[in-house]
Amino acid sequence: MDVWPADFGRITVEETDSTQAEAARRIEAGQALPFWVLAERQVAGVGRRGRAWSMPEGNFAGSVALRPGGPLARRALRSFTMALALRDALVELTGQPALFSLKWPNDVLCRERKLAGILLESRGDALVIGIGVNLVAAPPQAALEEGALAPIDLATAAGIRVTPEALLDLLAAAFARREALLVTEGFDAQRREWLTHAARLGQPIVARLADRTLTGRFDGVDGEGALMLATPEGIQRLPAADVHFA
Ligand SMILES: O=C(O)CCCC[C@@H]1SC[C@@H]2NC(=O)N[C@@H]21
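Residues numbered from 1 in each chain as written. Predicted model: local features only at pLDDT ≥ 70, side-chain atom pairs only at ≥ 80, totals over all residues. Heavy atoms only, no water.

1. Some details on the sheet that holds strand β1 (residues 9-16)
Then comes step 1: Strand order in this open sheet of seven strands is β1-β2-β5-β9-β8-β7-β6, and the pairing throughout is mixed. Here the strands that pair on one side only, and so sit at the sheet edges, are β1 and β6 (100-103). Neighbour-to-neighbour, the strand axes of this sheet turn through a mean angle of 20°, independent of strand direction.
Then comes step 2: Note: strand β7 (residues 107-110) against strand β8 (residues 113-123), four bridges, orientation antiparallel. In the sheet register, V108 faces β8, and the bridge partner there is A116. (Pairing = 2+ DSSP bridges. Helix = DSSP H or I, 4+ residues; strand = E, 2+ residues; numbered from the N terminus. Axes fitted to C-alpha atoms, helices over the stretch in contact; angles between N-to-C directions.)

2. A closer look at the nonpolar core
Note that soluble globular proteins tend to have their nonpolar side chains buried in a common cluster.
Then comes step 1: By size, the foremost hydrophobic cluster in this structure holds 62 residues, and its most contacted members are W36, I131 and W194.
Then comes step 2: Both domain 1 (9-196) and domain 2 (204-245) contribute no fewer than three residues apiece to this core.
Then comes step 3: If near-sequence neighbours (up to four positions away) are discounted, I131 is found in contact with W36, F60, A61, G62, M82, L86, G117, I118 and L171.
Then comes step 4: Listed in part, the ten residues of the second largest apolar core include V13, F35, A39 and A126. (Core = buried A, V, L, I, M, F, W, Y, C linked by side-chain atoms within 4.5 Å. Buried < 20%, exposed > 50% of the residue type's maximum accessible area, 1.4 Å probe, protein only. Domains from an automatic or database assignment. Contact = heavy atoms within 4.5 Å.)

3. Details of the domain arrangement of the chain
Then comes step 1: Entries for the chain in the domain assignment read domain 1 (9-196) and domain 2 (204-245).
Then comes step 2: Computed over C-alpha atoms, the centres of domain 1 and domain 2 are 23 Å apart.
Then comes step 3: Each partner contributes to the interface: domain 1 provides 18 residues, whereas domain 2 provides 18 residues.
Then comes step 4: Taken together, the two surfaces of domain 1 and domain 2 that pack against each other cover about 1,300 Å², and 59% of this comes from carbon and sulfur.
Then comes step 5: For the pair domain 1 and domain 2, the interface holds three salt bridges.
Then comes step 6: Two residues, D242 and R51, come together in a salt bridge whose shortest N-O distance is 2.6 Å. (Buried area = accessible area lost by both parts, 1.4 Å probe. Salt bridge = Lys/Arg side-chain N within 4 Å of Asp/Glu carboxyl O.)

4. Comments concerning the layout of surface pockets
Then comes step 1: Approximately 800 Å³ is the volume attributed to the largest pocket.
Then comes step 2: Taken together, 39 residues form the lining of the largest pocket, with R51, A52, W53, K114 and L144 sitting closest to its centre.
Then comes step 3: At the level of secondary structure, the elements contributing two or more residues to the lining of the largest pocket comprise α1 (19-28), β3 (45-46), β4 (52-53), β5 (60-66), β8, β9 (126-133) and β14 (242-245).
Then comes step 4: For the lining of the largest pocket, the leading source of residues is β8, giving four residues.
Then comes step 5: Viewed by domain, the lining of the largest pocket spans two of them, domain 1 (9-196) and domain 2 (204-245), each represented by three or more residues. (1 Å grid on protein atoms, 1.4 Å probe; cavity = no way out; pocket = protein on both sides within 12 Å on 5 of 7 lines; lining within 4 Å. Points joined across faces, edges and corners; volume = space filled by probe spheres on them.)

Next comes the structure, spelled out in structure tokens:
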């Protein structure tokens, strides 16, 4: 049984608009960092690129606020740290490592469907990382954007019912462990580990950018977390994109 990481606070709220906004308000109010905030109900969750994130009761909606220090670009590497930590927790809960893979930049998949999303937001010198996990229910495909990866929930995919609190116990411990390793050893070990779990590595993918869509082979992730896409015009380095499986 993992123990709660000593220096992280833990706040549980019955209902909030978004745990991202809740964490931001608490930082503003002087709450000591780092801390986790977990919501039993989240009524206005946000996803990447301003999308809405629906959260049926029983699913996991939580955010961790920390002050990572270092340059802004390196803060974003926590999306890999968090994805690995979430995978650790899910493997520990299910005992089924083969079920879970990682999709660049920061989704956790189960049976190649979207199980969880991670959102990073800066609040001054603090970083707030939000995690949404479909524990008991997934949104209907019709509620998602066209071309979005089909969602799945853990209860259906792995036949196991997990409470948000039980997931947080393991996730917080795994994240604290991996965050400490990121700080002491740097990104490369996590980059390489992330790649061993990456979905569609070496396979065709589609990367949608603000102004164009590129098709190519997913060739890896560089030392700053950018996606490397091999196209007929050569290797393209993409710091940000929406990835779709071809
Ligand atoms: O678009 C994504 O894939 C990221 C989704 C992140 C959702 C989580 S749920 C907890 C936290 N609070 C929010 O409002 N969003 C994040």
